[in-house]
Amino acid sequence: MQLPDFPDLTPEILQSLLEQHQLAGLDITPLPQTGIFNRVYDLGGKWILRIPRNAPPFIEALTKESVAVPALTAAGVTTPELRFFDGSLQILPVPYSIYEKVNGVNLESLQRSPAENAEVWEQVGRELVKVHHLPDPTAVQGLHLEDVGSPEDWIEGFATDGHFTLEEARWLQSWVARLKPYVLPPEHHTFRHGDMQGTNVMVDSKGEFAALIDWGACGWGDPAHDLVGVPLQASQNMLEAYRKIQPLPDDETAEARILLMNLQHLCFLIPRPALKEVSWAERPMSRWLDMVRHVNLLTSGNWKKFL
């Protein structure tokens, strides 16, 4: 997977950027790469600098954040405050953002099982209710999600390429066909995070929920899809907490839509080579293994109706 380069980020350029926002003299520390979109720096332990790759999709994602985050913080969503967004291109050939820093680490970095993270995922479910039901959604009305395609667009090709046999392709296609009728109609769509995974959930020093981050993939769609990108047990934890506050649109088919989106993500990821630096949600083998690992969950409750 060949990605566009980041802009040239010398120490001198980064210091010029800080001077632009009266932050000169702060220590600049690059943070470990947990996603593929942005290069991230700690600024003196107080702020977080995010700089996208120099290509339209990455720039567009950061620009979306500049619209979404103020609306989310106004609605009481627990997410870092956006302090500066600079799209002037005076210092860098791309826009950049400076956020308030959350003291903690991303949840995935703890390398804990879904069961050990159950309370965090439950809190994420409660936060998502606020995301999906903004009091004033007009500010984010024009933000759209990327369409990554439908599973059946790729399944036969994967069999032809040797990932699995034609018989298995027919079985997978039949499962997708059974789930497709449950796709949520557009009139029931809500605003959503769009990339809800463990690297975008911050926890404090006690391992407790601290904030949701990274809104570059946000937009309008099925709110149940914000319960994808995590282990299935985490999806269940979020579902239970969410439903205690209110049901999802077409709530009785939420599990079907979560399963369909999981298959969509899996098919999208199959061609990718193994990469150490990507998150759990970007690893197709981890996601296949998760379905095996949680087969007891899938064959119980509302899930089993859609297998």
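It should be emphasised that the depicted structure is a prediction, and the values quoted were computed from it without experimental measurement.

## Overview of the pairing of strand 5 (residues 96-100)
And step 1. Counting buried residues in strand 5 gives four out of five residues, a clear majority hidden from the surface.
And step 2. Examined bridge by bridge, strand 3 (residues 47-52) and strand 5 share four bridges and lie antiparallel to one another. Bridging from a neighbouring strand, Ile48 pairs with Tyr99 of strand 5.
And step 3. Here strand 4 (residues 82-86) runs beside strand 5; their pairing, made up of four bridges, is antiparallel. If you follow Phe84 over to strand 5, its bridge partner there is Ile98.

## Observations regarding the pattern of salt bridges
And step 1. What the rule picks out here adds up to 11 salt bridges.
And step 2. A salt bridge links Arg50 to Glu65; its shortest N-O distance comes to 2.6 Å. Linking Arg50 in strand 3 with Glu65 in helix 2 (residues 56-74), this pair joins segments that are 15 residues apart in sequence.
And step 3. In this structure Arg50 comes out as buried when scored by relative accessible area, which is 10%.
And step 4. For Glu65, a relative accessible area of 1% puts it in the buried group.
And step 5. With a closest N to O distance of 2.7 Å, Arg257 and Asp222 form a salt bridge. Of this pair, Arg257 sits in helix 7 (residues 254-269) while Asp222 sits in the loop between strand 10 (219-221) and helix 6 (232-245); the two residues are 35 residues apart in sequence, bridging distant segments of the chain.
And step 6. Of the residues examined, Arg257 reaches a relative accessible area of 2% and is grouped as buried.
And step 7. Asp222 gets classed as buried once you look at its relative accessible area, which sits at 4%.
And step 8. In this structure, a network of salt bridges that share partners links the residues Arg50, Glu65 and Asp214.

## Re helix 3 (residues 118-132)
Residue pairs three or four apart in sequence face the same way in an α-helix, which turns once every 3.6 residues.
And step 1. The end-to-end C-alpha distance of helix 3, which contains 15 residues, comes to 21 Å, matching closely the 21 Å that a straight helix rising 1.5 Å per residue would cover.
And step 2. Elements in contact with the buried residues of helix 3: helix 2, strand 7 (190-192), strand 8 (201-203), strand 9 (209-212) and helix 6.

## Some thoughts on the environment of Leu239
And step 1. If you trace the backbone, Leu239 turns up in helix 6.
And step 2. For Leu239 and Phe306, which are 67 residues apart along the polypeptide, the C-alpha to C-alpha distance reads 16 Å.
And step 3. Setting aside residues no more than four positions away along its own chain, Leu239 makes contact with Leu227, Leu248, Ala254, Glu255, Ile258 and Trp303.

## Concerning the UniProt feature "domain: Aminoglycoside phosphotransferase" (unreviewed entry) in the chain
And step 1. Per the UniProt record, "domain: Aminoglycoside phosphotransferase" (unreviewed entry) is found at residues 36-230.
And step 2. The distance separating the terminal C-alpha atoms of residues 36-230 is 17 Å; by composition the span is 28% helix and 19% strand.

## Notes on the sheet that holds strand 5
And step 1. The antiparallel open sheet is built from five strands, whose spatial order is 1-2-3-5-4. At either margin of the open sheet sits one strand with a lone partner, and together these are strand 1 (28-30) and strand 4. Across the sheet, the axes of successive neighbouring strands diverge by a mean angle of 25°, strand direction being ignored.
And step 2. Here helix 2 sits on the sheet in contact with strand 2 (38-43), strand 3, strand 4 and strand 5, set at roughly 140° to strand 4.

## Quick notes on the nonpolar core
And step 1. With 62 residues, the main nonpolar core has Val124, Phe191 and Val201 as its most contacted residues.
And step 2. Looking at which element gives the most residues to this core, the answer is helix 7, with nine residues.
And step 3. With residues up to four places along the chain from it excluded, the contact list for Val124 reads Met196, Val201, Phe209, Leu212 and Met238.

## Digging into the sheet that holds strand 9
And step 1. One open sheet holds the three strands; their spatial order is 6-8-9, and the pairing between them is antiparallel. Either end of the sheet is taken by a strand with one partner, and the two such strands are strand 6 (105-106) and strand 9.
And step 2. Here two bridges tie strand 6 to strand 8, and the two strands are oriented antiparallel to one another. Residue pairing across strands places Val105 opposite Val203, the latter belonging to strand 8.

## Looking at the packing of helix 5 (residues 166-179) against helix 7
And step 1. Close contact between helix 5 and helix 7 brings their axes to 9 Å; oriented N to C, the two are set at 140°. It follows that helix 5 is oblique to helix 7 by the angle criterion. The way helix 5 lies across helix 7 gives a crossing that is left-handed. Every residue of helix 7 that contacts helix 5 at Leu172, Trp175, Val176 and Leu179 is listed here: Ala256, Leu259, Leu260 and Leu263.
And step 2. In terms of residue class, the contact of helix 5 with helix 7 is built from eight nonpolar, no polar and no charged.

So, how was this worked out
- Residues numbered from 1 in each chain as written.
- Predicted model: local features only at pLDDT ≥ 70, side-chain atom pairs only at ≥ 80, totals over all residues.
- Heavy atoms only, no water.
- Buried < 20%, exposed > 50% of the residue type's maximum accessible area, 1.4 Å probe, protein only.
- Helix = DSSP H or I, 4+ residues; strand = E, 2+ residues; numbered from the N terminus.
- Pairing = 2+ DSSP bridges.
- Salt bridge = Lys/Arg side-chain N within 4 Å of Asp/Glu carboxyl O.
- Expected span 1.5 Å × (residues − 1).
- Contact = heavy atoms within 4.5 Å.
- UniProt positions renumbered as here; feature names shortened; annotations may be inferred.
- Axes fitted to C-alpha atoms, helices over the stretch in contact; angles between N-to-C directions.
- Core = buried A, V, L, I, M, F, W, Y, C linked by side-chain atoms within 4.5 Å.
- Parallel < 35°, antiparallel > 145°, perpendicular 65-115°, else oblique.
- Left-handed = near helix turned anticlockwise from the far one by under 90°.
- Nonpolar A, V, L, I, M, F, W, Y, C, P; charged D, E, K, R; others polar.

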